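# Per-entry structural report
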Amino acid sequence: MERKLLVLFGSQTGTAQDTAERIGREAKRRHFQCRVEALDSYDVANLINELLVIFVCATTGQGDPPDNMKMFWRFLFRKNLPPGSLCQLDYAVLGLGDSSYPKFNFVAKKLHKRVLQLGGNPLLPVALGDDQHDLGPDAVVDPWLLALWDKILALYPLPPGLEIISPDVRPPPKYTLHYLAEDSPYPNDGLLQPIAPRAVPSELHPFAARVVSNQRVTAESHFQDVRLIEFDVTGSGIMFSAGDVVMIQPQNCPEDVQQFCQLLHLDPDRCFVLKPTEPDASLPALLPQPCTIRHLVTHYLDISCVPRRSFFELLSYFSTNELEREKLQEFSSAQGQEELYSYCNRPRRTTLEALWDFPHTTCAIPPEYLLDLIPRIRPRAFSIASSMLAHPDRIQILMAVVRYKTQLSKPRRGLCSTWLASLNPEQGDFRVPLWVKKGGMKFPADPDTPVIMIGPGTGVAPFRAAIQERVAQGRRGNCLFFGCRQKSKDFYCQAEWEELVTKGFLTLFTAFSRDQEEKVYVQHRIQENQRLVWELLNSRNAHIYLAGNAKQMPAAVAEALQLVLQLEGGLSPSEAEEHLIALERSQRFQSETWS
């Protein structure tokens, strides 16, 4: 009997991929032939031939599948798939989600149900990992995996004479690393090679956009530094419309890169090539070959992310120091998760800082394990805050610089926002690798349809793009609810809004929460203007858009809208709730929120 296992993942931030790779390692210890692949790089037509598959998938935003499983998702829900097409398949679905969102683990639940419909055999009920749990998703994942291996080994017993490989045995690296001779020609820094002009920029071929301007739009005395940054995309072939998103590939700062290389005794200027350890495995697509250590650490390894449990597990194998090894093993055990959470997640300790704390182990890390140990730097998404009709060949973003305190003495800084904020076009020619992808929000095609936009804080970014686009087309029905703390400190783009109000293109309602005794938020302004909101919705078929921080705001706004439907439209509370859901279904109420 063939013992083959396929692990397919859909991952947005890397957690699902990390979990899928963990399952892959556990499978190899149980002598399975195992492949771990992103759902969209797997040829889905092959699924009918698979016997054993574990799906690991995250749910993003408003219950959407991650980007790297969107094609798979469309295929799986095709109407013409015959009901018994997966009857030979034993499967299990592991979901990763966040119960503070209404569509908690929606993708995993729906996937489980769909594979069942197509005749698949579930080995276990779907697992619903939750970010909100004190111990994170592992609180659900650990016991579920134990049960899963029992089930799988009952169906596919170990071949005679073989034992499960002990967890004390170090797993092989994904790649071997071969240094080139010191005098070999130095490869150019391969990140931003000019791409064939035909290719539309993408993650594999980003466009090196020049930073045109970088201005602070909050008062110097305001606690938060918010920037309006403009990029030049002339000649890139990039096209976008309001609601679309720009993806930016950040890099580590030179000080961190230097520190990392010193800690691991690496020469940043050494060149190397990678070879995959397994015959059918591919090389990391985003790394040039040959490559310098400096390029690897600057552009690829995410040394500023909070390390995951798998990091400590792998690190423990290199430890020559008894005390350090014990601590690392504790952090990677199920019992040690509370301790790990306090050490890592709560204070937001970075990978680089964790390496400092284990100096004996760190200097013993073999370089070829770096790509197993540290995940790659993920691109960051920003709502585009400008329209091509108003600013051709330009992309603007409105970005809050992430900086906050934890119990660690050094303030925490966002990798991408800190890097972007530091690029001053007056001091040099700075290039940022970027590409554009379709956003979740679609604005109405009919020029007479009014839009109600609710965008507190940087949530106003996509609405600035929409308003610029609509004004350029001569559309007037633009109503914006904007909220911030103080009119004098963080009222972004104030002059621009006021000019549009004067010209009759914009109806503007502002909520400055700290400018008076009692706090006033956008939801209060919606209630105060309920007659207008109802009139736009009911008589003029308006669309409503909501963008911003996902903490309490979306629920508070939904409640305010339901009140409008009750007080002005005479609906009962349950009818108002139903009506709002119906508006969402028909895409007349759309939201894009982030945490």
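Residues numbered from 1 in each chain as written. Predicted model: local features only at pLDDT ≥ 70, side-chain atom pairs only at ≥ 80, totals over all residues. Heavy atoms only, no water.

Where an unreviewed UniProt entry is consulted, the protein chain appears under the name NADPH-dependent diflavin oxidoreductase 1, with the organism given as Aquila chrysaetos chrysaetos. What the UniProt record of the protein chain gives under Subcellular location (unreviewed entry) is the line "Cytoplasm, Perinuclear region". Under the Subunit (unreviewed entry) heading, UniProt states for the protein chain: "Interacts with CIAPIN1; as part of the cytosolic iron-sulfur (Fe-S) protein assembly (CIA) machinery. Interacts with DCPS." (UniProt positions renumbered as here; feature names shortened; annotations may be inferred.)

## As for the overall build of the protein chain
For the protein chain, the helix and strand inventory stands at 20 helices and 22 strands. Against the 2.2 N^0.38 benchmark of 25 Å for 595 residues, the protein chain shows a C-alpha radius of gyration of 26 Å, consistent with a compact globule. C-alpha atoms of the protein chain, sized along the principal axes, occupy 80 × 60 × 50 Å. Residue burial in the protein chain is summarised as follows: out of 595 residues, 51% are buried. Partitioning the intrachain contacts of the protein chain with sequence separation of at least 6 by distance along the chain shows that 77% fall at a separation of at least 24. For the protein chain, the separation between the mean place of its 63 positive charges and that of its 69 negative charges on side chains is 3 Å. (Helix = DSSP H or I, 4+ residues; strand = E, 2+ residues; numbered from the N terminus. Rg over C-alpha atoms; globule rule 2.2 N^0.38 Å. Buried < 20%, exposed > 50% of the residue type's maximum accessible area, 1.4 Å probe, protein only. Contact = heavy atoms within 4.5 Å. Lys, Arg positive; Asp, Glu negative; His and termini not counted. Charge placed at Lys NZ, Arg CZ, Asp CG, Glu CD.)

## Things to note about the UniProt feature "domain: FAD-binding FR-type" (unreviewed entry) in the protein chain
As recorded in UniProt, the feature "domain: FAD-binding FR-type" (unreviewed entry) lies at residues 204–444. With 28% helix and 21% strand, the stretch residues 204–444 has end C-alpha atoms that lie 32 Å from each other.

## A short note on unusual backbone geometry
That bond from Q289 to P290 is cis: its omega, -10 degrees, falls within 30 degrees of zero. Note that P290 resides in the loop between β11 (271–276) and β12 (291–292). Of note, H31 is a non-glycine position whose phi angle comes to about 60 degrees, a positive value. Within the fold, H31 resides in the loop between α1 (15–29) and β2 (33–38).

## What about the sheet that holds strand β21 (residues 543–549)?
With parallel pairing, the five strands of this open sheet are ordered in space as β20-β19-β18-β21-β22. Each edge of the sheet is formed by a strand with only one pairing partner; in this case those strands are β20 (506–512) and β22 (589–594). Neighbour to neighbour, the strand axes of the sheet diverge by 10 degrees on average, direction disregarded. Where β21 lies against β22, six bridges are found, and the strand directions are parallel. Looking across to β22, one finds that A547 is bridged to E592. Packing of helix α19 (residues 553–567) onto the sheet brings it into contact with β18 (451–454), β21 and β22, and relative to β21 it is tilted by some 155 degrees. (Pairing = 2+ DSSP bridges. Axes fitted to C-alpha atoms, helices over the stretch in contact; angles between N-to-C directions.)

## Let's talk about the sheet that holds β12
Taken in spatial order, the three strands line up as β7-β11-β12 in an open sheet, and their pairing is antiparallel. Each edge of the open sheet carries a strand with a single partner, namely β7 (175–179) and β12. Across five bridges, β7 lies against β11 in antiparallel orientation. Note on β11: the bridge partner recorded for T176 is K275.

## Some points on the environment of V115
Topologically, V115 is positioned in helix α3 (residues 106–117). Looking at V115, the relative accessible area reads 0%, which means it is buried. As a C-alpha pair, V115 and G84 span 31 residues in sequence and 9.8 Å in three-dimensional space. The contact partners of V115, leaving out residues within four places of it in the chain, are F55, L76, L86, L89, Y91 and G120.

## Let's talk about a positive patch on the surface
Taken together, the side chains of K79, K103, K110, K113 and R585 define a basic patch exposed on the protein surface. Locating R585 in the fold gives a position in helix α20 (residues 573–585). (Patch = residues over 30% accessible without salt bridge, like charges linked within 9 Å, V, L, I, M, F, W, Y side chains within 5 Å. Areas by Shrake-Rupley, 256 points an atom, 1.4 Å probe, with all protein chains shown as cover. Salt bridge = Lys/Arg side-chain N within 4 Å of Asp/Glu carboxyl O.)

## Some points on the pairing of β2
Relative to β2, strand β1 (residues 4–10) is paired through six bridges, and the arrangement is parallel. Bridge pairing links V7 to V36 in β2. With α1 bridging β1 and the parallel β2, this β-α-β connection has right-handed handedness. (Right-handed = clockwise from strand over helix to strand, strands pointing away.)

## Overview of the state of the cysteines
One pass over the structure, following the stated rule, counts zero disulfides. Here C57 is not cross-linked by a disulfide; its sulfur's nearest cysteine counterpart is in C34, at 16 Å. (Disulfide = S-S within 2.5 Å.)

## Some points on the packing of aromatic side chains
One pass over the structure, following the stated rule, counts 15 aromatic pairs. Ring centres of F312 and F331 lie 5.2 Å apart, and the angle between their planes is 70 degrees; on these two criteria the pair is classed as edge-to-face. Remark: F331 occurs in helix α8 (residues 322–331) and F312 occurs in helix α7 (residues 309–316); sequence separation between them is 19 residues. Residue classification places F312 among the buried positions, given a relative accessible area of 0%. Connected via pairs of aromatic rings, a cluster forms that spans F311, F312, F331, Y343 and F358. (Phe/Tyr/Trp six-rings, centres within 6.5 Å; stacked < 30°, edge-to-face > 60°.)

## Topic: the domain arrangement of the protein chain
When cut into domains, the protein chain gives domain 1 (4–155), domain 2 (207–249 + 379–437), domain 3 (254–373) and domain 4 (451–593). Each of domain 1 and domain 3 has a C-alpha centre, and the two are 27 Å apart. Each partner contributes to the interface: domain 1 provides 12 residues, whereas domain 3 provides 10 residues. Buried area between domain 1 and domain 3, summed over both chains or domains, comes out near 820 Å², and the portion from carbon and sulfur atoms is 40%. The tally of links between domain 1 and domain 3 comes to three salt bridges. Note that D138 and R309 form a salt bridge whose closest N and O atoms lie 3.1 Å from each other. Scanning the region where domain 1 abuts domain 3 turns up six residue pairs in polar contact (both at pLDDT 80 or more). Sorting the residues of the side of domain 1 that touches domain 3 by element identifies α1 and α4 (138–155) as the ones contributing at least two each. (Domains from an automatic or database assignment. Buried area = accessible area lost by both parts, 1.4 Å probe. Polar contact = N/O pair within 3.5 Å; in protein donor to acceptor, adjacent residues only side chain to side chain.)

## A short note on the packing of α19 against α20
Two numbers describe how α19 lies on α20: the axes approach to 9 Å, and their chain directions differ by 120 degrees. What the angle tells us is that α19 and α20 run oblique. Our pair here, α19 against α20, has a crossing hand that is right-handed. Between α19 and α20, the contacting residues are A558, L561, Q562, L565 and Q566 on the first element and P573, A576, E577, H579 and L580 on the second. (Parallel < 35°, antiparallel > 145°, perpendicular 65-115°, else oblique. Left-handed = near helix turned anticlockwise from the far one by under 90°.)

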